Amino acid sequence: MSAGGTGPAEPDRGETGGVRTALSGLTTRGRSFLAAGIAAAICAYVLGQSDLLRVGLLLAVLPLLCATVLYRTRYRVAATRRLAPARVPAGSEARVHLRMDNVSRLPTGLLMLQDRVPYVLGPRPRFVLDRVEPGGRREVSYRVRSDLRGRYPLGPLQLRLTDPFGMCELTRSFSAFDTLTVIPRVEPLPPVRFSGEAKGYGDSRQRSLALAGEDDVIPRGYRHGDDLRRVHWRSTARYGELMVRREEQPRRSRCTVLLDTRGGAYEGAGPDSAFEWAVSGAASVLVHMLERGFSVRLLTDNGSAVPGEGGDGFAGSGAETADAAGLMMDTLAVIDHSDGSGLSRAYDVLRGGNEGLLVAFLGDLDEEQAATVAKMSRRAGGAVAFVLDPDTWTREATAVPRPGDRHAERLRLLREAGWTALSVPRGGALNALWQQADRERSGLAGVSGEATA
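Criteria and cut-off values
- Residues numbered from 1 in each chain as written.
- Predicted model: local features only at pLDDT ≥ 70, side-chain atom pairs only at ≥ 80, totals over all residues.
- Heavy atoms only, no water.
- Pairing = 2+ DSSP bridges.
- Helix = DSSP H or I, 4+ residues; strand = E, 2+ residues; numbered from the N terminus.
- Axes fitted to C-alpha atoms, helices over the stretch in contact; angles between N-to-C directions.
- 1 Å grid on protein atoms, 1.4 Å probe; cavity = no way out; pocket = protein on both sides within 12 Å on 5 of 7 lines; lining within 4 Å.
- Points joined across faces, edges and corners; volume = space filled by probe spheres on them.
- Nonpolar A, V, L, I, M, F, W, Y, C, P; charged D, E, K, R; others polar.

For the protein chain, an unreviewed UniProt entry supplies the name DUF58 domain-containing protein and the organism Streptomyces camelliae.

Laid out in structure tokens, this is it:
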């Protein structure tokens, strides 16, 4: 829960007690009364009618009196805002709860609340609250929804005061605001086993220590608290002191997700564009592999990664996994097209890393970029590429890609380099493509004689 502000809300403009600020709050009714009063007073002076003068004075003084009393009113109210949830996938709704507490000793009059929200989240919510007793509270809520990912500020909350006659309205604002994070859609993926990929935690192809037999055991000196069942008697007799077996140090399998963000690689915009599909696909794979126990890393075409990410990526279990996934989703929520035109920076990062599973989401590739991507598979234990077909994403969804075009040539080049490369048509389901990649990778392993799980 975040505080929207405590104490008296400040006027939006003007100095305290300023006449201009008070008069600026006159409503259409108040201005009409004031104009009618002045006109009646002038007519009474010209015609010499004292009764008409009294009526004119009453009409003119009433809105001025209401504005003065309303401006000098000092309500002490506390406002709080709570988002449920504060991080929501694109296309889903979040509920915003507002609570107003009257912390003064005086009851309030009629209150109108308005919360500032970006246009993409919907219309500005407005609420009318009746009289709030001293120490009382009022709670209201509204829903927000966005099909576009991003970070959107909510607030500050505005409190509009009005007098019982409707002559004057004054707006006072709180200073605090909250942020709603709209993350990419995450599609649940079925568990698959790509050949060439190391298993999950504790069963990596690269082990710190081998445990194949007695000759492979690397003992160390006994330390206080070591389990006596781990004593290695042969080494103890050899070195003349108590020696114990080292514990196996399993390493997590690695998975790198490469997201192509080049502006020239995608056409179109909006929630159904090719770039948004690629961002959603990268988010789905990151969450899926992290839940399976992999150390995951997010990489873009310019070589940048998630802030705070280690050299081996994010890894964890339980709350750590949720925190890592949340940090990656926050990064993908605001990721945008890059100004780069190539993928050489990403290749430089991958060239110096350790082998693992590489999953790439790529836009349109020219010959040079395709050659760069082809070389990336040399350091990967398994390489899967989802290449968005520019023909179907720029034409109607029913369009059929032309055989022998440039896109098909790029796929052939990647497959010859060891990639499991799939063409992504407009509106393609990542779940089905993920299973198709597993089948194609398993077929390649069967031909080459590799074992698959």
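Draft legend 1. Molecular detail of the sheet that holds strand 18 (residues 382–388). Strand order in this open sheet of five strands is 16-15-17-18-19, and the pairing throughout is parallel. Taken across any chain shown, the strands that pair with only one partner, and hence form the sheet edges, are strand 16 (295–300) and strand 19 (420–424). Strand after strand, the sheet turns through a mean of 15° between neighbouring axes, direction not considered. Here strand 18 runs beside strand 19; their pairing, made up of five bridges, is parallel. Pairing of Leu 388 across the sheet is with Val 424, part of strand 19.

Draft legend 2. Structural view of the sheet that holds strand 4 (residues 87–89). Sheet architecture is open: three strands sit in the order 4-12-9, paired in mixed fashion. At either end of the open sheet lies a strand with only one pairing partner, and these are strand 4 and strand 9 (150–154). In this sheet, neighbouring strand axes are inclined to one another by 25° on average, regardless of whether the strands run parallel or antiparallel. Sheet analysis places strand 9 next to strand 12 (residues 178–183), joined by five bridges and oriented antiparallel. Across the sheet, the residue bridging to Arg 151 is Thr 181, located in strand 12.

Draft legend 3. Summary view of the layout of surface pockets. Looking at the largest pocket, its volume works out to about 360 Å³. Contributing to the lining of the largest pocket are 22 residues, with Arg 185, Pro 271, Glu 276, Trp 277 and Ser 280 lying nearest its centre. Grouping the amino acids of the lining of the largest pocket by side-chain chemistry returns nine nonpolar, six polar and seven charged.

Draft legend 4. Here's a closer look at the pairing of strand 5 (residues 93–102). Bridge analysis of strand 3 (residues 77–84) against strand 5 gives eight bridges, and the strand direction is antiparallel. Paired with Thr 80 across the two strands is Arg 99, which belongs to strand 5. The sheet contact formed by strand 5 and strand 8 (residues 137–145) spans nine bridges and is antiparallel. Counterpart to Leu 98 in the pairing with strand 8 is Val 140.

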